[in-house]
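Per-entry structural report
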Amino acid sequence: MFDLLIQGFAAVLSLKIFLLMTVGVAVGIVFGAVPGLTAVMAIALCLPMTYGLGPAAGISLLIALFVGATSGGLISAILLKIPGTPSSIATTFDGGPMMEKGEGAKALGVGIVFSFLGTIASIAALAFIAPSLAKVALSFGPHEYFAIAVFSLTLIATLSSGSMAKGIFAGVLGFAVSTVGIAPVDATARFTFGNVELNAGFSILTVLVGMFAVAEVIKVAESARHPIDGGAAPLPVKIKGFGFSMAEFLGQIPNAIRSALIGIGIGILPGIGAGTSNIIAYIAAKKRSKTPEEFGKGTIEGVVASETANNAGIGGAMIPLLTLGIPGDAVTAIMLGGLMIHGIQPGPMLFITQAPLVYTIFAALIVSAVLMLVLEFWGLRIFIKLLAIPKHILLPVILVLCAVGAFGLASRIFDIWTILGFGVLGYAFVKAGIPTAPFIIGFILGPMAETSLRRGLQLSRGDWTGFLTNPISGTFLALAVVSIAWQMWGEYRATRGPVAANPLKLGGEE
């Protein structure tokens, strides 16, 4: 095994492949950091370039793009409170507030280091336990996926700071918006109002860019009507190391381990992806934290959870791809095409028939992670200087990039109008004090829950008890009930607390 890994490192550390990977990681970081551009776009655009390269060089370039783009989303998520990719949604929850408190450099340093550690953890899982994990994931069917979606949806209340009612409203609205378009299974048009542009529904990217990026631009533009100065004050450029202490690093190890396991586990399951895992890891970190009230106000715990989980999904997504030939998301679907272009057929026999190439892929993942760490650390001083750019210059550039990214999805003007529409909705959420995260969770998990429910009922011929008698789905549904009961009890204690502390208060008010 170690001999094969050494051969893999020898291949990827050759001058040609190493330079390709360096460029690939740098380009990936740019695609991840720019709102509207994603890892899918980066890999799709560079895929034709791999035709003339050998298998090792071509696959190494695609892996470098994947790793760079996944981590790059943290840059705009922290500096601009705009997630560059769906995998960085939860990073904005605490990364943005840390930046506003003058701790932007620290947030970037934490995000970069734990992105690296999450990637390394997932590579270890891919190298040592890939076949076993893939078999477990393959046993999941519609019943299990529905139960996972329901359990995840019950966690919306955890992100509903201030008002559970508003959080539930946002989640239900997100679920409703996800139903627009052609229905799964029976292909019935829903809520299209005769508009063919709505047949495909709304893309997660347009919703994300609108709700976060465009809404943030509108909010900042409103506050800039009476500017105090010409632009945002730049952060200090002199940063020691990555901006955080060893004590802070060691204190986050349990959080990082938990988040990495969540990222790997969700990454293995086809169709869910890092867009969900970073939010689930954030919720888990908040529940286990000794100071949950600090979440959303600027704590490194939230950044650690999100960035560790979304990068741990890299190796997780590669597990079913390499061991079973099943792509878990759009990125790995394109990578599957890249493998097949070079005559490589992923599957159980890949580890036997082409073992040297498999370990070259492992080596490429490790080298890409190191390159990502080095390039982002080197660019840390440059990233924070972005805040010195006056808002009246920066915001129009961001808006144009958002429009370009939306148009690039399907070359439709409709998608540009979509991001503007969701931008207005996101701004309305801000003004009404409605949290955005539950809306995004409802939108992401809605289609999975609906499709899995209908397929599960078809398999059981309309028998609902199949969801309860199945051991895995029954367990997750039971956990969903416990989660709801626990959150309702927490709300009850919170409302009864003041009365219990001062029982004469109500009598004095009469």
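Residues numbered from 1 in each chain as written. Predicted model: local features only at pLDDT ≥ 70, side-chain atom pairs only at ≥ 80, totals over all residues. Heavy atoms only, no water.

A few points about the overall build of the protein chain
The helix and strand tally for the protein chain stands at 22 helices and two strands. Counting every position in the protein chain, which comprises 510 residues, the buried fraction comes to 54%. Total accessible area computed for the protein chain in this model is approximately 21900 Å², and 71% of it derives from carbon and sulfur atoms. (Helix = DSSP H or I, 4+ residues; strand = E, 2+ residues; numbered from the N terminus. Buried < 20%, exposed > 50% of the residue type's maximum accessible area, 1.4 Å probe, protein only. Areas by Shrake-Rupley, 256 points an atom, 1.4 Å probe, with all protein chains shown as cover.)

Quick look at the packing of helix α1 (residues 2-12) against helix α16 (residues 355-383)
Across the interface, α1 lies against α16 with an axial gap of 7 Å and an inter-helix angle of 60°. One element, α1, and the other, α16, form an angle in the oblique class. When the axes of α1 and α16 are compared, the crossing they make is right-handed. Residue-level inspection shows Leu4, Leu5, Gln7, Gly8, Phe9, Ala11 and Val12 of α1 in contact with α16, the latter providing Ala355, Pro356, Tyr359, Thr360, Phe362, Ala363, Ala364, Ile366 and Val367. Its residues placed into classes, the contact of α1 with α16 shows 13 nonpolar, three polar and no charged. (Axes fitted to C-alpha atoms, helices over the stretch in contact; angles between N-to-C directions. Parallel < 35°, antiparallel > 145°, perpendicular 65-115°, else oblique. Left-handed = near helix turned anticlockwise from the far one by under 90°. Contact = heavy atoms within 4.5 Å. Nonpolar A, V, L, I, M, F, W, Y, C, P; charged D, E, K, R; others polar.)

Structural notes on the side chain of Glu144
Inspection of the secondary structure puts Glu144 in helix α7 (residues 142-154). Despite its burial, Glu144 pairs with no opposite charge, the nearest such side chain being Arg455 at 11 Å. A polar side-chain atom of Glu144 sits 2.9 Å from a polar atom in the side chain of Asn470. What Glu144 contacts, discounting residues up to four positions off in sequence, is Ser139, Asn470, Ile472 and Ser473. (Lys, Arg positive; Asp, Glu negative; His and termini not counted. Salt bridge = Lys/Arg side-chain N within 4 Å of Asp/Glu carboxyl O. Polar contact = N/O pair within 3.5 Å; in protein donor to acceptor, adjacent residues only side chain to side chain.)

What to know about the side chain of Asn310
Mapped onto the secondary structure, Asn310 falls in helix α13 (residues 300-324). Engagement of the side chain of Asn310 in a polar contact is seen with the side chain of Asn311, the distance being 2.5 Å.

As for the confidence of the model for the protein chain
Mean pLDDT over the protein chain: 81, with 87% of residues reaching 70 or higher. Mean pLDDT across the elements of the protein chain ranges from a minimum in helix α22 (residues 505-509), with 45, to a maximum in helix α18 (residues 413-432), with 91. Between residues 228-237, whose pLDDT stays under 50, and residues either more than four places distant or in other chains, the model counts 19 contacts. (pLDDT = per-residue confidence, 0-100.)

Focus: helix α5 (residues 91-100)
In terms of residue burial, α5 counts as a mostly covered element, since nine of its 10 residues are buried. Among the residues of α5, those classed as buried are Thr91, Thr92, Phe93, Asp94, Gly95, Gly96, Pro97, Met98 and Met99. Within two residues after α5, Gly102 carries a phi angle of roughly 85°, on the positive side.

A look at the pattern of salt bridges
Applying the stated criterion to the full structure yields seven salt bridges. In this structure, Glu100 engages Lys81 in a salt bridge whose closest nitrogen and oxygen atoms are separated by 3.0 Å. Linking Glu100 in helix α5 with Lys81 in the loop between α4 (55-79) and α5, this pair joins segments that are 19 residues apart in sequence. Overall, Glu100 belongs to the exposed group, its relative accessible area being 55%. Measuring nitrogen to oxygen at the nearest pair gives 2.9 Å for the salt bridge that ties Arg412 to Asp415. With relative accessibility at 4%, the residue Asp415 sits in the buried group. When salt bridges with common partners are traced through the structure, they connect Arg190, Glu450 and Arg454 into a single cluster.

Here we look at unusual backbone geometry
The phi torsion of most residues other than glycine is negative, and most of the peptide bonds are trans. Its identity is not glycine, yet Phe191 carries a phi of approximately 55°, on the positive side. Mapping Phe191 onto the fold places it in the loop between β2 (189-190) and α9 (204-223). The backbone of Phe193 shows a phi angle near 55°, a positive value even though the residue is not glycine. Mapped onto the elements of the fold, Phe193 is located in the loop between β2 and α9. With relative accessibility at 76%, the residue Phe193 sits in the exposed group.

Points about the environment of Leu324
Turning to its location among the elements, Leu324 is positioned in helix α13. According to the relative accessible area criterion, Leu324 is partly exposed, its value standing at 27%. For Leu324 and Gly347, which are 23 residues apart along the polypeptide, the C-alpha to C-alpha distance reads 4.2 Å.

Some words on a nonpolar patch on the surface
Residues Leu399, Phe407, Ile413, Trp417 and Leu420 make up a contiguous nonpolar surface patch of about 490 Å² in total accessible area. Of all the secondary structure elements, the ones that give two or more residues to the nonpolar patch are α17 (391-410) and α18. Sort the elements by how many residues they give to the nonpolar patch and α18 lands first, with three residues. Relative to the helices and strands, Ile413 resides in helix α18. (Patch = residues over 30% accessible without salt bridge, like charges linked within 9 Å, V, L, I, M, F, W, Y side chains within 5 Å.)

Things to note about the packing of α5 against α13
Put simply, α5 and α13 touch, their axes get as near as 8 Å, and they point 140° apart. Taken together, α5 and α13 sit at an angle that is classed as oblique. The chirality of how α5 crosses α13 is left-handed. On α13, the residues touching Thr91, Asp94, Gly95 and Met98 of α5 are Ile300, Gly302, Val303, Ser306 and Glu307. Broken down by class, the residue content of the contact of α5 with α13 amounts to three nonpolar, four polar and two charged.

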